[in-house]
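This is what each chain is made of:
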Amino acid sequence: MKRINIAIDGHSSCGKGTLAKQLASALGYKFIDSGAMYRAVTLYVLRMDVDPENDDAVHSVLPQISIDFVVNNATGRSDVCLNGENVEKEIRTLRIANSVSQIARIPSVRRFLVMLQQKMGADKGVVMDGRDIGTVVFPDAELKIFMTANPEVRALRRFNELTENGIKTTYEEVLANLKQRDHIDSSRSDSPLTMTSDYRLLDNSDLSREEQFSQALKWVEEALGNKI
Ligand code: CDP
């Protein structure tokens, strides 16, 4: 059967990962969270006391970093590993969220991770979410979805998710962080978050998980149908 790559890009905390996981499990595809890779690089940079504003210093530690994913037997999901250490939990903290967009704007970081991501999708059958997946990583992806929702809805969802996972924060702090990341991600010079005309727009401010999933599945069917 024909396999395609699906790119899901969009703003911070709008449920890209949730949709990507739903699609990957329905289709038997691999889900790859590209944001987790940027977060893992950020964790390494902070652990090494490298200044995230210093592009050359960040660039110089990249050869020390290896990133891959392992299946977590308890959750059945893929966890990100930094130099062999499972860091899935640690990369979700606000400390990482507050620096990740700074690291992700550095061109050598992007080249390093994009190369890895392209290898992961070389055989098709991948659902990857991020900011530049349909524009840079897989420009020829058969289906590109751009997700968004209003910032207050997104902040509330992320706040609830963090709180459920035992991470102490406030709604205001989460809202400020996501607005700041949206700004940096959309205005950076290297592969900014942009919606080109080949994307399908999915605003899920007022959609349930089931509704967004069924909309996306229709697009998948179209993409598969068009390609057979
Ligand atoms: O899940 P959330 O929307 O909070 O963000 P994420 O997907 O974990 O990504 C964290 C950050 O990594 C983003 O705010 C971007 O700065 C960066 N990123 C990127 O630049 N390009 C990607 N393909 C994925 C993430």
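Residues numbered from 1 in each chain as written. Predicted model: local features only at pLDDT ≥ 70, side-chain atom pairs only at ≥ 80, totals over all residues. Heavy atoms only, no water.

Quick look at the nonpolar core now. One finds Val41, Ile65, Ile67, Val109 and Leu113 to be the most contacted residues of the largest nonpolar core, which totals 37 residues. At the level of secondary structure, the elements contributing two or more residues to this core comprise helix H2 (34-47), helix H3 (55-61), strand E4 (78-82), helix H4 (94-104), helix H5 (107-120), strand E6 (126-130) and helix H6 (133-137). Ranked by the residues each element gives to this core, the list is headed by H2, at 9 residues. Dropping the residues within four chain positions of it, Leu113 is found in contact with Met37, Tyr38, Val41 and Ile67. Counting residues in each nonpolar core, the second largest holds 21 residues, with Ile8, Cys14, Leu23 and Ala223 among its members. (Core = buried A, V, L, I, M, F, W, Y, C linked by side-chain atoms within 4.5 Å. Buried < 20%, exposed > 50% of the residue type's maximum accessible area, 1.4 Å probe, protein only. Helix = DSSP H or I, 4+ residues; strand = E, 2+ residues; numbered from the N terminus. Contact = heavy atoms within 4.5 Å.)

Strand order in the open sheet formed by 3 strands is E3-E4-E5, and the pairing between neighbours is antiparallel. Edge positions in the open sheet fall to strand E3 (67-71) and strand E5 (85-86), since each of these has one partner strand only. By the bridge criterion, 2 bridges tie E4 to E5 in an arrangement that is antiparallel. Bridge pairing in E5 links Leu82 to Glu85. Across the face of the sheet, H2 comes into contact with E3, E4 and E5 while running at roughly 30° to E4. (Pairing = 2+ DSSP bridges. Axes fitted to C-alpha atoms, helices over the stretch in contact; angles between N-to-C directions.)

To characterise two packed helices, one gives the angle between the axes of the helices and the distance between these axes. Packing of H2 against H4 leaves a shortest axis separation of 9 Å and a crossing angle of 100°. One element, H2, and the other, H4, form an angle in the roughly perpendicular class. Touching Tyr38, Arg39, Val41, Thr42, Leu43, Val45 and Leu46 of H2 are Arg95, Ile96, Ala97, Ser99, Val100, Ile103 and Ala104, all from H4. For the contact of H2 with H4, the per-class residue count stands at 10 nonpolar, 2 polar and 2 charged. (Parallel < 35°, antiparallel > 145°, perpendicular 65-115°, else oblique. Nonpolar A, V, L, I, M, F, W, Y, C, P; charged D, E, K, R; others polar.)

Attention now goes to the sheet that holds strand E7 (residues 143-148). Read from one edge of the open sheet, 5 strands run E2-E6-E1-E7-E8, paired in parallel fashion. Each having just a single partner strand, strand E2 (30-33) and strand E8 (200-203) make up the two edges of the open sheet. Each adjacent strand pair in this sheet contributes to an overall mean axis angle of 20°, direction not counted. As paired elements, strand E1 (residues 5-10) and E6 share 5 bridges and run parallel to each other. Considered in E6, the bridge of Asn5 is made with Val126.

Going through the model one piece at a time under the given rule, you end up with 1 aromatic pair. For the pair Phe146 and Tyr199, a centre-to-centre distance of 5.9 Å together with 90° between the ring planes defines the contact as edge-to-face. In this pair, Phe146 is assigned in strand E7 and Tyr199 in the loop between helix H8 (171-187) and E8, connecting sequence segments 53 residues apart. Accessibility classification places Phe146 together with Tyr199 in one group, the buried group. (Phe/Tyr/Trp six-rings, centres within 6.5 Å; stacked < 30°, edge-to-face > 60°.)

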